[in-house]
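Observations on the model geometry
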Amino acid sequence: MDVKIENKDTLILCGGEMQYIDSLQELCQRIAIACSVNKGSFPYDRTLGSDTVTFDTDDNRLNEKLSMIFKEATIDIPYTDLRVHKVYEKGGEFYAVLEIVNGVDIITTEVNVSAKLR
């Protein structure tokens, strides 16, 4: 179980209590944070994230390269497999759609990777 993070802060309910998530939602959140932040920049865990590396968005192997970077960034998070399904631009920022396999469950989430793509 983990606290839900939204807009770079913990999500507080009307009564002042934090909202908690678990299971697949928690897994998606942990992976999304690890893949989108630069190593050392996440205030709640300075070991989380990946090193700042820039990629060309026209690279034919971009999905495979980002998959390797993201697998390294999420090495301490228990899941079966992770791959970048696609990378797209929206509103001047780049997003990666991740497909995460956790046992028999296959879930997708998207992460903002603009800091990693140039």
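For the structure, check the block above.
This report concerns the structure included in the present document. One numbering rule holds for all chains: residues counted from 1, following each sequence as written. Given that this is a predicted model, residues contribute local features only at a pLDDT of at least 70 and side-chain atom pairs are listed and counted only at 80 or more, while totals for whole chains, interfaces and linings are drawn from all residues. Just so you know, side-chain values use all the structure's heavy atoms and leave hydrogens and water out.

1. Observations concerning the environment of Val37
Segments assigned H or I by DSSP are reported as helices when at least four residues long, segments assigned E as strands when at least two residues long, and all are numbered from the N terminus. Counting through the fold element by element, Val37 comes out in the loop between α1 (23-36) and α2 (62-73). Along the chain, Val37 and Thr52 lie 15 residues apart, while their C-alpha atoms are 8.8 Å from each other. For this analysis, residues touch if any pair of their heavy atoms sits within 4.5 Å. Filtering out sequence-adjacent residues up to four positions away, Val37 remains in contact with Phe42, Leu48, Gly49, Ser50 and Lys116.

2. Let's talk about the nonpolar core
Side-chain atoms within 4.5 Å link the members of a nonpolar core, which is a set of buried Ala, Val, Leu, Ile, Met, Phe, Trp, Tyr and Cys residues. Classification of residues uses two cut-offs on accessible area relative to the type maximum, computed with a 1.4 Å probe and protein chains only: under 20% is buried, over 50% is exposed, and between them is partly exposed. Counting 25 residues, the largest nonpolar core has Ile31, Phe70, Leu98, Ile100 and Val111 as its most contacted members. When contributions to this core are tallied by element, the ones reaching two or more residues are α1, α2, β5 (81-90), β6 (93-102) and β7 (105-112). Examining the composition of this core, we find that seven residues originate from one element, α1, more than from any other. Discounting chain neighbours no more than four positions away, the residues touching Val111 are Ala32, Cys35, Ser36, Phe70, Phe94, Tyr95, Ala96 and Leu98.

3. A closer look at the pattern of salt bridges
We define a salt bridge as a contact between a side-chain nitrogen of Lys or Arg and a carboxyl oxygen of Asp or Glu at a distance within 4 Å. Tallied over the full model, the rule gives three salt bridges. Two residues, Lys71 and Asp81, come together in a salt bridge whose shortest N-O distance is 3.2 Å. With Lys71 in helix α2 and Asp81 in strand β5, this pair connects stretches of sequence that are ten residues apart. Judged by its relative accessible area of 32%, Asp81 falls in the partly exposed class. For Glu99, the salt bridge identified is with Arg83, shortest N-O distance 3.3 Å. Here Glu99, found in strand β6, pairs with Arg83, found in strand β5; they are 16 residues apart in sequence, far enough to count as distant. Classification of Glu99 by relative accessible area gives partly exposed; the value is 21%.

4. Observations concerning the sheet that holds β7
The three strands are arranged β5-β6-β7 in an open sheet whose pairing can be described as antiparallel. What marks the edges here is a single partner per strand, and that holds for β5 and β7. Neighbour to neighbour, the strand axes of the sheet diverge by 20° on average, direction disregarded. Between any two strands, pairing holds if DSSP finds at least two bridges. Summarising the sheet, β6 and β7 pair through eight bridges and their orientation is antiparallel. Considered in β7, the bridge of Tyr95 is made with Asn112. α1 contacts β5, β6 and β7 of the sheet and is inclined by roughly 35° relative to β7. Packed on one face of the sheet, α2 meets β5, β6 and β7 and runs near 125° to β5. Every axis corresponds to a line fitted to the C-alpha atoms, with the helix fit spanning only the stretch in contact, and the corresponding angles, defined between N-to-C directions, vary from 0 to 180 degrees.

5. What about the environment of Cys35?
For Cys35, the position within the fold is in helix α1. Along the primary structure Cys35 and Asn112 are separated by 77 residues, whereas in three dimensions their C-alpha atoms are 8.4 Å apart. Apart from residues lying up to four places away in sequence, Cys35 is in contact with Phe70, Thr74, Leu98, Val111, Val113 and Lys116.

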